[in-house]
Amino acid sequence: MHPNDALQPGDALIVVDVQRDFCPGGRLPIEHGDAVIPVLNDWVAAAAAKGVPVYASRDWHPVAHPSFDGEGGPWPVHCVQDTEGAAFHPDLRLPPEVIVVTKGTRFDHDQNSAFDETGLAKHLHEKGVHRLWVGGLAQDVCVKATVLDGRKAGFAVQVIRDATRPVTESGGEEALKLMVEAGAELVAAA
Ligand code: VGL
Ligand code: ZN
């Protein structure tokens, strides 16, 4: 689906966690994670041209975060606040009017979803948004959690499949299945 034809008033584009640490060379690298960037750049450009709001979530952990393996969590240290690795990937072309959604800052639990205690659902409802186009990283972690929460919050959700990559292949397959079961639609990028 071409982004120019797909995007409509009432839509929002949600770019999930396209940060250096999740791309090759980063601290929690996802295989071909950077392959999502050119795809998302096309969607971002189309959204900006059509007045569709663009949201970029970021994983933004304190130095000691419960998701880190040294703290009993499942992941290596990644996306530490204000580090290079936590920055959006430099090739991602976000528009000046992008709205950044910061998550993963809590000391008591991780926030994989961009909706988890961020107030994003209320904000989007108030803006009249009813359909979300979602891409980013990782397909089986934060994209999945964001899509499932988006559905729970009552949004129609279109997952731009080629704009996502999983941490593990099997996790990705499972995530795609769960997202479809939850009523999300998978769309090809272009
Ligand atoms: C993520 C692992 C740990 C993600 C965040 O953004 O998908 N994955 N923290
Ligand atoms: Zn994280």
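S.K.: How should I be thinking about empty space enclosed by the protein in this particular structure?
M.R.: Empty space among the atoms becomes apparent when a probe as large as a water molecule is rolled across them. Summed over the entire model, instances satisfying the criterion amount to one cavity of 30 Å³ or more. Residue lining of the largest cavity: 15 residues in total, with Phe22, Leu28, Trp75, Val141 and Cys142 positioned closest to the centre. Looking at side-chain class alone, the lining of the largest cavity contains nine nonpolar, three polar and three charged residues.

S.K.: Help me understand the side chain of Gln111, please; the structure alone is not making it clear to me.
M.R.: Examined against the element boundaries, Gln111 turns out to sit in the loop between β3 (99–103) and α3 (120–126). With a relative accessible area of 3%, Gln111 lands in the buried category. Among the polar contacts made by the side chain of Gln111, one reaches the main-chain amide nitrogen of Thr105 at a distance of 3.2 Å. Not counting residues within four places of it along the chain, the set of residues in contact with Gln111 comprises Asp59, Lys103, Gly104, Thr105, Arg106, Asp116 and Glu117.

S.K.: Help me out: how do you make sense of the pairing of strand β2 (residues 54–59) in this one?
M.R.: The side chains of a regular strand alternate, first on one face of the sheet and then on the other. With five of its six residues buried, β2 lies for the most part within the structure. Relative to β2, strand β1 (residues 11–16) runs parallel, the two sharing four bridges. Across the sheet, residue Val15 finds its bridge partner in β2, namely Ala56. In this fold, the crossover linking β1 to β2 by way of helix α2 (residues 36–50) has right-handed handedness. With five bridges connecting them, β2 and β3 associate as parallel partners. If you follow Ser57 over to β3, its bridge partner there is Val101.

S.K.: I keep staring at helix α5 (residues 169–181) and nothing clicks. Help me out?
M.R.: Quick reminder: α-helices carry 3.6 residues per turn. Residues three or four places apart thus point the same way. With 13 residues, α5 extends 18 Å from end C-alpha to end C-alpha; this agrees with the ideal 18 Å at 1.5 Å per step. Of the positions making up α5, those classed as buried are Gly171, Gly172, Ala175, Leu176 and Met179. Angularly, the buried residues of α5 cover 135° about the axis, an arc narrow enough to put them on a single face. Every exposed residue of α5 that faces more than 90 degrees away from the buried side is listed here: Ser170 and Glu181. Of the surrounding elements, those touching the buried residues of α5 are α4 (142–152), β5 (156–165) and β6 (185–187). Just beyond α5, the residue with positive phi is Gly183, at close to 100°.

S.K.: Honestly, the packing of aromatic side chains in this entry has me stumped. Any pointers?
M.R.: The relative placement of two aromatic rings is captured by the distance of their centres and the angle of their planes. Tallied over the entire structure, the rule returns two aromatic pairs. Residues Trp43 and Trp133 carry aromatic rings whose centres are separated by 5.1 Å and whose planes lie at 35° to one another, so their mutual orientation is tilted. Separated by 90 residues along the polypeptide, Trp43 in helix α2 and Trp133 in strand β4 (residues 131–137) bring together distant segments of the chain. Taking the centre distance of 6.0 Å and the plane angle of 25° together, the rings of Phe115 and Phe155 count as stacked. You can see Phe115 sitting in the loop between β3 and α3 and its partner Phe155 sitting in the loop between α4 and β5, a full 40 residues away along the chain. Here Phe115 and Phe155 have matching classes, each one buried.

S.K.: How do you make sense of the coordination of the zinc ion (ligand 2) when you look at a structure like this?
M.R.: Between any two of four tetrahedral donors, the ideal angle at the metal is 109.5 degrees; between two of six octahedral donors, it is 90 or 180 degrees. Listed as protein donors to the zinc ion (ligand 2) are Asp59 (OD), His61 (NE2) and His78 (NE2); their distances from the metal cover 2.0 to 2.1 Å. Within one chain, the residues serving as donors to the zinc ion (ligand 2) are arranged as D-x1-H-x16-H. Placement of Asp59 in strand β2 and of His78 in the loop between β2 and β3 is noted, with a sequence separation of 19 residues between them. Overall, the relative accessible area of 3% leaves Asp59 in the buried class.

So, how was this worked out
Residues numbered from 1 in each chain as written. Chains lettered and ligands numbered in written order. Predicted model: local features only at pLDDT ≥ 70, side-chain atom pairs only at ≥ 80, totals over all residues. Heavy atoms only, no water. 1 Å grid on protein atoms, 1.4 Å probe; cavity = no way out; pocket = protein on both sides within 12 Å on 5 of 7 lines; lining within 4 Å. Points joined across faces, edges and corners; volume = space filled by probe spheres on them. Nonpolar A, V, L, I, M, F, W, Y, C, P; charged D, E, K, R; others polar. Helix = DSSP H or I, 4+ residues; strand = E, 2+ residues; numbered from the N terminus. Buried < 20%, exposed > 50% of the residue type's maximum accessible area, 1.4 Å probe, protein only. Polar contact = N/O pair within 3.5 Å; in protein donor to acceptor, adjacent residues only side chain to side chain. Contact = heavy atoms within 4.5 Å. Pairing = 2+ DSSP bridges. Right-handed = clockwise from strand over helix to strand, strands pointing away. Expected span 1.5 Å × (residues − 1). Arc of directions from axis to C-beta. Phe/Tyr/Trp six-rings, centres within 6.5 Å; stacked < 30°, edge-to-face > 60°. Donors = N, O, S within 2.8 Å, 3.2 Å for Na, K, Ca; no water.

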